[in-house]
Every structure is written in C-alpha cells, then in structure tokens.
Amino acid sequence: LFLGLSLAAQQAGDTFAGVTKGCHRWDLHNGLNAGTYAVTVAVMLVALSSGGGLLQIALIHFAVGVVGEVFRIRVAYVVCPELSLSGKQVFWSEAWGMLRFGGKTLLMVLSNLLLHQTVNVLIVAHLGTTALAVYARPMALLRHVATLVGKYGYVLTPTVSSLEATGKRAELKALFLE
C-alpha cells in the first residue's frame, strides 16, 4: 500500500520535476533527488537499527517521498514564477489524444509485465523459489543491459541526427568510431 502511494505521489510530482528540468535547473532537480534519497536511507537505517521492519521502511519511503514532492512543487514555482496550473488552461482534446497514445504504450508494457510475472509464478509453483532465483538473475541482468542501451540511445540519436542534418560526415564517422 505504502509503496503504491509513494509511486502515486511521485507521478503527481512529475509535472513539477518536468518544469524544473525544462528550466535547465539540473542542480536543483538532482540535488532534490539526492537529498530525498539520502534522507530516506538515513531514516531507514535508524528504523532498522531500532528494530523496525518492512512496514516501517515502506512508511518511511512514503513519508519522505511525499515531503520530497512537496519540496519539488515549491522549487518549480520558485524556478518558474509564471507557472500557473488551472483546469481552464487544459486542452481536453489534446489530453485525450495523449491518453490514447500513452495507452498503446501502456498495453505494451503491461503485456510484457504479465508475461514475465506469469512465468515467475509458474516457476515458483512448479519448481520452487531456488529455480526462480536462477531464472530471475539473468533476466534482471538483461533488463539492466537493455536500460543501458536505451539510455545511450537517448543521447546518441539526437546527436547523430544533428550531425547528419548539417552534413558533418567527418564528425559522424568520428563519433561512430569513438
């Protein structure tokens, strides 16, 4: 419950994180993230050393996350004083179009999640938790590799596109070799 609420709070604050990033205030964005993580870890360590368990850790993650999102909202309004949110400013036809587009992406993610979690449940039910551990570790490594490749794609795709569009073939070849 608390982890789900933490995710909901984070998603609610994502708009304000986008404002801070859009204003190129990476120092504030990354500082807030690092500060929130540091406080979360410190308070969790105190809770664990005091005999706390999983419930206390989840509650701490939620509480510190909500406080972090409140700070994120405040930072967005400081960085962008002209920021104004109102239902009157919403283009509902555009919002529905974005929802339809995002829904297609969500279906792809959900189908992948359903596939992997069903396999995990079947492995545990028929082969046990040890077999799941043997299966899950390589799958996790593959997910990490896919994430790494995807992150490089976010950087390389626009760089290559701009080099190609401006006709800088030599720089494009150098980037490829690098």
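Before any of the text, the structure's been laid out above.
Residues numbered from 1 in each chain as written. Predicted model: local features only at pLDDT ≥ 70, side-chain atom pairs only at ≥ 80, totals over all residues. Heavy atoms only, no water.

Colleague: I'd like a description of the packing of aromatic side chains, backed by residues and values.
Modeller: Tallied over the entire structure, the rule returns two aromatic pairs. Ring geometry for Phe 2 and Phe 62: centres 5.9 Å apart, planes at 35 degrees, overall tilted. Within this pair, whereas Phe 2 is found in helix 1 (residues 2–22), its partner Phe 62 is found in helix 3 (residues 54–79), the two being separated by 60 residues in sequence. With a centroid separation of 6.0 Å and an interplanar angle of 40 degrees, the aromatic rings of Phe 16 and Tyr 77 are classed as tilted. Here Phe 16, found in helix 1, pairs with Tyr 77, found in helix 3; they are 61 residues apart in sequence, far enough to count as distant. (Phe/Tyr/Trp six-rings, centres within 6.5 Å; stacked < 30°, edge-to-face > 60°. Helix = DSSP H or I, 4+ residues; strand = E, 2+ residues; numbered from the N terminus.)

Colleague: Go over a nonpolar patch on the surface with me, naming the residues and quoting the values.
Modeller: Judged by side-chain polarity, Leu 148, Tyr 152, Tyr 154, Val 155, Leu 156 and Val 160 come together as a nonpolar surface patch covering roughly 610 Å² of accessible area. Tracing the backbone shows Leu 148 in helix 5 (residues 129–165). (Patch = residues over 30% accessible without salt bridge, like charges linked within 9 Å, V, L, I, M, F, W, Y side chains within 5 Å. Areas by Shrake-Rupley, 256 points an atom, 1.4 Å probe, with all protein chains shown as cover. Salt bridge = Lys/Arg side-chain N within 4 Å of Asp/Glu carboxyl O.)

Colleague: Residues and numbers for the packing of helix 1 against helix 2 (residues 26–49), please.
Modeller: Closest axis-to-axis distance for the helix 1/helix 2 pair is 7 Å, and the angle between their directions is 140 degrees. By the angle between their axes, helix 1 is oblique relative to helix 2. Taken together, the residues of helix 2 that come into contact with helix 1 (itself represented by Ala 17, Thr 20 and Lys 21) are Trp 26, Leu 28 and His 29. Here the residues of the contact of helix 1 with helix 2 sort into three nonpolar, two polar and one charged. (Axes fitted to C-alpha atoms, helices over the stretch in contact; angles between N-to-C directions. Parallel < 35°, antiparallel > 145°, perpendicular 65-115°, else oblique. Contact = heavy atoms within 4.5 Å. Nonpolar A, V, L, I, M, F, W, Y, C, P; charged D, E, K, R; others polar.)

Colleague: Describe in detail the side chain of His 29, supporting the description with residues and values.
Modeller: Examined against the element boundaries, His 29 turns out to sit in helix 2. Judged by relative accessible area, which is 9%, His 29 ranks as buried. (Buried < 20%, exposed > 50% of the residue type's maximum accessible area, 1.4 Å probe, protein only.)

Colleague: I'd like a rundown of the pattern of salt bridges, residues and numbers included.
Modeller: Summed over all chains, the structure comprises two salt bridges. Two residues, Arg 25 and Asp 27, come together in a salt bridge whose shortest N-O distance is 2.9 Å. Owing to a relative accessible area of 32%, Arg 25 belongs among the partly exposed residues under this scheme. When the shortest N-O distance is used, the salt bridge between Arg 72 and Glu 69 registers 3.2 Å. Of this pair, Arg 72 and Glu 69 both sit in helix 3, three residues apart, roughly one helical turn.

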